[in-house]
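Topology and contacts: notes
The primary structure of each chain is shown beneath.
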Amino acid sequence: MEKTNIYDLTFEEWENWLKENQEPAYRAKQIFDWLYVKRVDSIEQMTNLSKTLRQKLEDQFEFQALHTLNQHTSQDGTVKFLFQLYDGHAIETVIMRHDYGNSVCVTTQVGCKMGCTFCASTLGGVARNLTPGEIVAQVVESQKILDKEEGRVSSIVVMGSGEPFDNYEPTIQFIRIVNDNRGLNIGQRHITVSTSGIIPRIYDFANLKWQVGFAVSLHAPNDELRTRLMPINRKYPLKKLMEACHYYVNTTNRRITFEYALMGNVNDQDEHAEELANLIKDLKCHVNLIPVNHVPERDYVRTPRNQIFNFKKILEKHKVNVTIRREQGGDIEAACGQLRAKHIKHEFKL
Ligand code: SF4
């Protein structure tokens, strides 16, 4: 029988599993404690569980260890991991340092099929979805690294490789697990999910009425340009996307963050800023400008510094809330997908 990843279950699912296996429900708290508070890496170490229970767990579950293939630490403290999954696929996870704490950027798919033209993650397409446990394990591994410096994962961004809403249920399950205050206890307001704009899932996500942060990768202010940069826009064009965004804000009463990657001479001109301000007016939101990293496999170049500030100024003139993302890990290829792309290249000698 194929075993289940031990990080796959929510607290309630553990209670149900225990019930089905004639074990008391209070064991769920102990299991969660071993997994997410003590952070052991074998069932054998769960010493306050009975031997019979441990055997039942051994029969059905396994720790699918993330094997570190590569680890880079940047001068600003950003740590980027290339993890190998149990079946050999490689994924990336990044720990970023902020003055308010440490955040972890997790990956939800091996690769990505969305085809955004500025992104290295999508170069090889999508190989497979991650399970909830494989996403959770990235946080646990990061927390273990931070344990060594008595640090804590204080926030999570679901912005690594992959489109989380193309792997919706496991992503939601992942949030339930890391949010649980009997385990890792990462508050909903400290978790942010980012989508390229899969509209039906935006409605589903809004209907959860969670306090989880929500970001949409916009990157262009009109359909013509957005379709060129993000093929998803053909299926889910801006008008419909904006309707979904309004629904999200009205349903949750939370603001949306729009990610806007500035690419030299592509989407960074004054008229783009004007058009963007017009597109998102009346929406409770915030724009995060990301000066794009040079992707060697792609042709994009960085926007000059003065134009970045100019773009910001135009948005501000229209009373748009806007920030410029602080660059992190620039010296270690922290832009999404770059490390993995390199690994694949190396592995297959492309
Ligand atoms: S930017 Fe995000 S959605 Fe687009 S290809 Fe890259 S990982 Fe996928």
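Residues numbered from 1 in each chain as written. Predicted model: local features only at pLDDT ≥ 70, side-chain atom pairs only at ≥ 80, totals over all residues.

Going by the annotation in an unreviewed UniProt entry, the name recorded for the protein chain is Probable dual-specificity RNA methyltransferase RlmN, with Tepidibacillus decaturensis given as the source organism. The protein chain has a UniProt comment under Subcellular location (unreviewed entry) that states "Cytoplasm". As recorded by UniProt, the Sequence similarities (unreviewed entry) comment attached to the protein chain reads in full: "Belongs to the radical SAM superfamily. RlmN family." (UniProt positions renumbered as here; feature names shortened; annotations may be inferred.)

1. Here's the deal with the UniProt feature "active site" (unreviewed entry) in the protein chain
In the UniProt entry, the feature "active site" (unreviewed entry) is given for Glu 92 and Cys 336. With respect to the helices, strands and loops of the structure, Glu 92 is situated in strand E5 (residues 90-98). (Helix = DSSP H or I, 4+ residues; strand = E, 2+ residues; numbered from the N terminus.)

2. Focus on the UniProt feature "binding site: [4Fe-4S] cluster" (unreviewed entry) in the protein chain
Feature annotation in UniProt assigns "binding site: [4Fe-4S] cluster" (unreviewed entry) to the following positions: Cys 112, Cys 116 and Cys 119. One can find Cys 112 in the loop between strand E7 (109-111) and strand E8 (126-129). When sequence neighbours within four positions are dropped, the list of residues in contact with Cys 112 reads Ser 121, Thr 122, Val 126, Ser 161, Gly 162 and Glu 163. On the secondary structure map, Cys 116 appears in the loop between E7 and E8. Filtering out sequence-adjacent residues up to four positions away, Cys 116 remains in contact with Thr 122, Ser 196, Leu 229 and Met 230. (Contact = placed C-beta atoms within 7 Å.)

3. Points about the packing of helix H1 (residues 11-20) against helix H2 (residues 27-37)
The contact between H1 and H2 brings their axes to 9 Å, and the two run at 130 degrees. On the basis of the axis angle, H1 is oblique to H2. When you trace H1 past H2, the crossing you get is right-handed. In contact with Phe 11, Trp 14, Glu 15 and Leu 18 of H1, H2 contributes Arg 27, Ala 28, Ile 31 and Phe 32. Class assignment for the residues of the contact of H1 with H2 results in 6 nonpolar, no polar and 2 charged. (Axes fitted to C-alpha atoms, helices over the stretch in contact; angles between N-to-C directions. Parallel < 35°, antiparallel > 145°, perpendicular 65-115°, else oblique. Left-handed = near helix turned anticlockwise from the far one by under 90°. Nonpolar A, V, L, I, M, F, W, Y, C, P; charged D, E, K, R; others polar.)

4. Some details on the packing of helix H10 (residues 270-279) against helix H11 (residues 305-317)
Where H10 contacts H11, the axes come no closer than 9 Å and their chain directions differ by 30 degrees. Taken together, the axis directions place H10 and H11 in an arrangement best described as roughly parallel. As for how H10 packs across H11, the hand of that crossing is right-handed. Side by side, H10 and H11 meet where Asp 270, Ala 273, Glu 274, Leu 276 and Ala 277 of the first sit next to Asn 310, Phe 311, Ile 314 and Leu 315 of the second. Of the residues belonging to the contact of H10 with H11, the class tally is 6 nonpolar, 1 polar and 2 charged.

5. Observations concerning the confidence of the model for the protein chain
Of the residues in the protein chain, 91% have a pLDDT of 70 or more, and the chain-wide mean is 91. Long-range and interchain partners of residues 331-335, a stretch whose pLDDT sits below 50, account for 17 contacts in this model, where long-range means more than four residues apart. With pLDDT under 50 throughout, residues 341-350 is counted as low confidence; its partners more than four residues away or in other chains account for 8 contacts. (pLDDT = per-residue confidence, 0-100.)

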